[in-house]
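Given next are the chains, with one letter for each unit.
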Amino acid sequence: MAMEGKPIRCRAAVAWKPGEALSVEEVMVAPPKAHEVRIKVMASGVCHTDWAYLHGAGKGMELRPFPLVLGHEGAGVVESVGAGVTRFSPGDKVIPLFLPQCGECDCCLSPKTNLCKANWAKTQQGVLADGTSRISCRGTQVFQFLGVSSFSEYTVTLETNLTKIHPDAELDRVCLLGCGVATGYGAAVNVAKVEEGSVCVVLGLGAVGLAAVMGCVSAGAARVIGVDVNPDKFDRAREFGVTDCVNPRDHKRPIQDVLVEMTSGGADYALECVGDVEVMRSALESCRSAWGVCVIVGWTELEEMKLLPFHLLMGRTLKGTYFGGWKSVTDIPQLVEQHLAGRLKLDEFVTHTLTLDEVNHAFQLLAGGQSIRSIIKM
């Protein structure tokens, strides 16, 4: 409370230009304005989306403004609140959310979607409701990735982009529910709606893919086939419940042909967790005609997916998901409680625990396929 209403000087990993390594710098984090909350970030997962926005800017990803503080999979403690904030108090454990839930827009009021329109365009461009960020470095405004910026020891978010969680939660684990684990798990249980006894294919066995596997298993799938070009991931995938592991590089035929043969006609459900348009097409074509469901989970913005209308006309369903279909503010605390009750794995995703100074090493581990999730502890 000593710094309430005052700027806080702290450290953050700043991306000055696309494609360049992050630089750990001293930054100033302004106090929260009306309907904003300042958070002391305790831990942040390092997500592939962070890497992709840095190294894929203008390619597969739209170019965001730089300089930028990345990170969107964090957890922390409320330090102070701005005017009008009533749902949060200093000391609350919280998870910042890149997907808001205002509770008032037509999307929030509909059970058909988890999307929300509140300040969406602004946070996508790295600013809060008033069009500015709360982080500065060397006298320059630093943009906040998706309105979050969890690669900073302190950050400020909109109250609609924040949820209060159980006080017993371990922040260096539940931070994973801010993106990857919630997204993959929800893709299976909320969006695909995997049924008991079904056959599922999960393409991509990173954190999102393993979470999708976890969702398929929890829904009672009889068989879960995991697909990845990195065989080092297969042992961990089996621990999550994968029954068959397939490496596309071991086959001369398209992987969808291999999967259709393995499943005697195609999978009931296929979840694409890579963010590659060719893999997306393979996922669709690996589904059984008449009732197969394909869910696109991996993220890409500028590339085009090609498909044959025939594959849809024969009864397959192609769906997409954002954040696994969860209503962010209301649903994520329930996932935290599932973890606390032992019903949702989180520890098993963590392969490395690093410091903020090692954030570039975390990116190297991710890009090299050596990590599932690295956790940055502040």
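Residues numbered from 1 in each chain as written. Predicted model: local features only at pLDDT ≥ 70, side-chain atom pairs only at ≥ 80, totals over all residues. Heavy atoms only, no water.

### Section: helix H5 (residues 207-218)
As a reminder of what qualifies: The way it works is that DSSP assigns letters per residue, a run of H or I at least four long becomes a helix, a run of E at least two long becomes a strand, and they are numbered from the N terminus. Expected span of a helix: the number of residues minus one, times 1.5 Å. Between buried and exposed lies partly exposed: a residue is buried under 20% and exposed over 50% of the maximum accessible area for its type, with that area taken using a 1.4 Å probe on protein chains only. Every residue pair with non-hydrogen atoms within 4.5 Å of one another is taken to be in contact.
The end-to-end C-alpha separation of H5 is 16 Å, in line with the 16 Å expected for 12 residues at 1.5 Å each. Where burial is concerned, most of H5 is hidden: 10 out of the 12 residues are buried. Of the positions making up H5, those classed as buried are Ala207, Val208, Gly209, Leu210, Ala211, Ala212, Val213, Met214, Gly215 and Cys216. In this fold, the buried residues of H5 make contact with helix H4 (180-192), strand E11 (199-203), strand E12 (223-227), helix H6 (234-240), strand E14 (269-272) and strand E18 (373-377). Positive phi appears at Gly220, one or two residues downstream of H5, with a value of about 95 degrees.

### Focus: unusual backbone geometry
In the segment running from Phe66 into Pro67, the intervening peptide bond is cis, with an omega of 0 degrees. Structurally, the position occupied by Pro67 is in the loop between helix H1 (48-55) and strand E4 (68-69). One non-glycine residue, His35, lies in the positive phi region at around 65 degrees. Mapped onto the fold, His35 is located in the loop between strand E2 (23-29) and strand E3 (36-45).

### What to know about the packing of aromatic side chains
Stated precisely, the cut-off is as follows: We call Phe, Tyr and Trp rings a pair once their centres come within 6.5 Å, taking the six-membered ring for Trp, and we label the pair stacked below 30 degrees between planes, edge-to-face above 60, and tilted otherwise. The criterion is that NZ of a Lys, or CZ of an Arg, lies within 6 Å of the ring centre and within 35 degrees of the ring normal, and then a charge sits over that ring.
Under the counting rule described, the total for this entry stands at 8 aromatic pairs. A centroid spacing of 5.1 Å and a plane angle of 70 degrees characterise the contact between Phe98 and Phe323, whose relative ring orientation is edge-to-face. With Phe98 in the loop between strand E6 (93-96) and helix H2 (120-124) and Phe323 in the loop between strand E16 (317-320) and helix H10 (328-340), this residue pair connects regions lying 225 residues apart in the sequence. When sorted by exposure, Phe98 lands in the same class as Phe323, which is buried. With a centroid separation of 5.3 Å and 55 degrees between ring planes, the pair formed by Trp299 and Tyr322 is classed as tilted. Here Trp299 is found in the loop between strand E15 (293-296) and helix H9 (309-313), whereas its partner Tyr322 is found in the loop between E16 and H10, with 23 residues between them in sequence. Site record: aromatic cluster; members linked through ring pairs are Phe98, Trp120, Trp299, Tyr322 and Phe323. The ring of Phe240 carries Lys345 above its face, with NZ or CZ at 4.9 Å from the centroid.

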